Amino acid sequence: MNKNIFIGGAWPYANNSLHVGHLAALLPGDVIARYYREHGDNVIYVSGTDSHGTPITVRAKKEGISPEKIAQHYHEEFVKNFKDLDFSFDLYTSTMTQYHEQNVKKYLKKIMDNGFIYKKAEMQDYCPECKTFLSDREIIGVCPHCGGVAKGDQCDDCSATLNASEVLNKRCSICHSPTIQKSNTHLYFALSKFQNKVKELNEQRQGQWRINATSETNKFLDMGLIDRAVTRQLSWGVDVPFEGFEDKKIYVWIEAVLGYLTAGQQVAESRNINFEEFMKKGNVISYYAHGKDNIPFHTVIFPALLMSIDENINLPDYIISCEYVNMNNEKMSKSKGNLISINHLIALFPKDSIRYYMLANGPETKDINFSIDDFVQIHNKFMVGVLGNFVNRNLSYINKKFDGKIPNGKVDENIKNLTTETFDKVGSLIEQGKLRQALDTAMAYVSAGNKYYDDQKPWIQVVEDINGFNNTTYTCVYMMANIANLFGPFIPDTCLKIKEKLNLDKTFTWQPVEIGKNLTVANNNLLFERLQAQQVSEKYQELKKN
Ligand SMILES: [Zn+2]
Ligand SMILES: [Zn+2]
């Protein structure tokens with residue numbers, strides 16, 4: 001029976017280019033989506049650009065342009081990046097769309113009706129000089145934990161999450177005047193009411209949520225969940241749909257994360273599917289792919305919001321939360337100038353090498369170290385040496401000796417069994433979000449093909465045992481057809497090229513396929529060219545200059 005699958009990729013924030021860390025966090029979502037589609041299931045895979053909030057506002061002020069212009073610029077760049085890397089979102093949208101805004105308001109009203117949003121007047125930081133209430137990010141001060149430089153919501157030095165009231169020696173980040181306290185009415189979400197339910201969920205999902213997700217959630221729960229402000233004193237964002245809050249916007253933490261629902265609903269509508277029914281507990285399996293720093297939003301805040309909207313809605317089944325990507329053994333950061341952007345990657349490497357590298361070496365359970373040399377080595381070893389070689393050595397021989405006509409033969413029984421086993425094993429690993437192992441297992445299948453070829457010695461068989469030669473070649477082509485499906489979720493463009501080479505059906509299916517008789521080789525263009533580390537490095541230095 002076809003399953004319903006919901007996949008949410010984290011919403012990148014529109015004030016900077018995407019880098020390899022984002023890619024490592026988001027690619028798993030695409031693999032899982034492609035796999036389930038190949039499997040014949042009903043997939044809704046969504047994400048979008050997180051376009052509101054203070055950092056964009058602050059930057060817009062600095063650059064003297066509108067926040068919308070900044071958000072739109074990065075949104076367009078992200079869309080192009082994802083397209084260049086063959087991401088298969090059913091919808092990649094933005095929090096600036098009218099559809100998102102209208103539906104976020106609808107969900108907010110529902111949460112209010114269900115009694116989980118309340119009003120609270122409280123003293124808030126106010127800058128008498130700028131005559132404005134200050135958002136957390138517009139406050140600078142001293143961290144109560146480490147004495148370091150802190151913003152109103154987070155310490156830059158020790159990364160502690162802070163409440164503006166705890167920060168010491170507060171000043172306005174714009175004019176540096178000391179802040180004063182002034183009464184302001186805000187809406188709050190009763191997150192504290194979900195302490196036990198989130199705890200229960202975290203226990204139920206052990207083994208499905210990655211280990212870092214379970215432990216980060218425990219840390220968060222141990223601190224005790226506290227209610228969070230829903231409204232914010234800002235001019236850039238989604239309007240608050242309640243009277244008396246016209247001067248405020250919906251806080252981005254709640255507005256952006258609800259994007260999973262608004263985007264999912266938009267896809268469902270376009271397919272005439274009832275989204276509420278689709279997302280009901282028991283009707284769907286859900287995956288959320290993001291980086292480690294985003295865990296509490298997906299394991300605590302989002303589930304609490306879901307429960308506050310509808311107690312029958314599915315709660316995240318799988319949390320695919322990755323660790324960090326370091327660059328040449330150093331933490332990547334803008335200030336160090338060692339951030340490698342997706343734009344750079346795309347300029348340096350073939351897209352499927354990028355996908356392969358980031359998935360086969362992904363930071364699933366620990367930080368990984370990225371380096372250009374390592375990348376070149378892995379490309380040459382696996383893309384050229386294992387996969388490219390298997391396809392090329394067979395097809396160029398057929399082209400040379402048989403004018404591109406693939407001899408008919410019989411598929412080796414052991415290889416047939418291995419094929420079935422490999423589909424089962426790789427499929428099960430993808431379903432569990434274990435993509436490194438999944439890709440290793442798929443690559444082992446190609447290596448088995450190379451070993452089979454070496455053991456059979458078709459270059460001798462062709463002289464001494466033509467039947468044996470035909471069977472060997474036919475078996476290798478059978479493997480290629482299956483490789484094209486097996487690798488479909490990981491490196492789809494290469495898989496299409498293999499299908500084209502052999503004039504095969506372009507649809508992807510997650511099961512062993514037979515290849516029929518009298519096939520011909522349409523072309524034997526190389527799948528991958530060997531790269532030189534020196535050349536790539538020089539090109540990268542050149543790119544960094546511009
Ligand atoms: Zn600190
Ligand atoms: Zn000020």
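Residues numbered from 1 in each chain as written. Chains lettered and ligands numbered in written order. Predicted model: local features only at pLDDT ≥ 70, side-chain atom pairs only at ≥ 80, totals over all residues.

Novice: Would you mind going over the packing of helix α5 (residues 195-204) against helix α10 (residues 295-309) in detail, with residue names and values included?
Specialist: Where α5 meets α10, the axes come as close as 10 Å, and the angle between the chain directions of the two elements is 115°. Between α5 and α10 the crossing geometry is right-handed. Listed contacts from α10 to K197, V198, L201 and N202 of α5 are T299, V300, P303, A304 and M307. (Axes fitted to C-alpha atoms, helices over the stretch in contact; angles between N-to-C directions. Helix = DSSP H or I, 4+ residues; strand = E, 2+ residues; numbered from the N terminus. Left-handed = near helix turned anticlockwise from the far one by under 90°. Contact = placed C-beta atoms within 7 Å.)

Novice: Talk me through the pairing of strand β9 (residues 180-189); I want residue IDs and the actual numbers.
Specialist: Inspection of the sheet shows strand β4 (residues 117-127) paired to β9 by 10 bridges, in the antiparallel sense. Each bridged residue has a counterpart across the sheet, and for Y118 the counterpart in β9 is Y188. Here two bridges tie β9 to strand β10 (residues 228-229), and the two strands are oriented antiparallel to one another. Residue pairing for β10: F189 is matched across the bridge by R228. (Pairing = 2+ DSSP bridges.)

Novice: Quick rundown of helix α13 (residues 372-402)? Include the residues and the values.
Specialist: Approximately 50° is the largest bend angle found in α13, and it occurs at N389. Residue D403 follows α13 closely and has a positive phi angle near 55°. (Bend = angle between axes of the 7 residues up to and from the residue.)

Novice: I'd like a description of the packing of helix α6 (residues 211-222) against α10, backed by residues and values.
Specialist: For the pair α6 and α10, interaxial distance at closest approach is 9 Å and the crossing angle is 60°. Note that α6 runs across α10; the crossing there is right-handed. Along the contact surface, α6 presents N212, A213, E216, T217 and F220, while α10 presents I295, P296, T299 and V300. Partitioning the contact of α6 with α10 into residue classes produces five nonpolar, three polar and one charged. (Nonpolar A, V, L, I, M, F, W, Y, C, P; charged D, E, K, R; others polar.)

Novice: Mind laying out the domain arrangement of the protein chain, listing which residues take part and the relevant values?
Specialist: According to the domain assignment, the protein chain contains domain 1 (4-109 + 252-345), domain 2 (116-232) and domain 3 (349-501). Each of domain 2 and domain 3 was reduced to a C-alpha centroid, and the two centroids are 50 Å apart. (Domains from an automatic or database assignment.)

Novice: An account of the sheet that holds strand β13 (residues 284-291) is requested, with residue identities and associated values reported.
Specialist: Working definition: the strands of a sheet are paired by backbone hydrogen bonds and lie parallel or antiparallel to each other. Taken together, the five strands give an open sheet; going across it, the order is β3-β2-β1-β13-β14, and neighbouring strands pair in parallel fashion. Because the sheet does not close on itself, it has two edges, and the strands there are β3 (91-94) and β14 (318-322). Direction aside, the axes of adjacent strands within the sheet are offset by 20° on average. Where strand β2 (residues 42-49) lies against β3, four bridges are found, and the strand directions are parallel. What sits directly across from G48, in β3, is T93. Seen against the sheet, helix α1 (residues 20-38) touches β1 (4-9), β2, β13 and β14 and runs at an angle of roughly 160° to β13.

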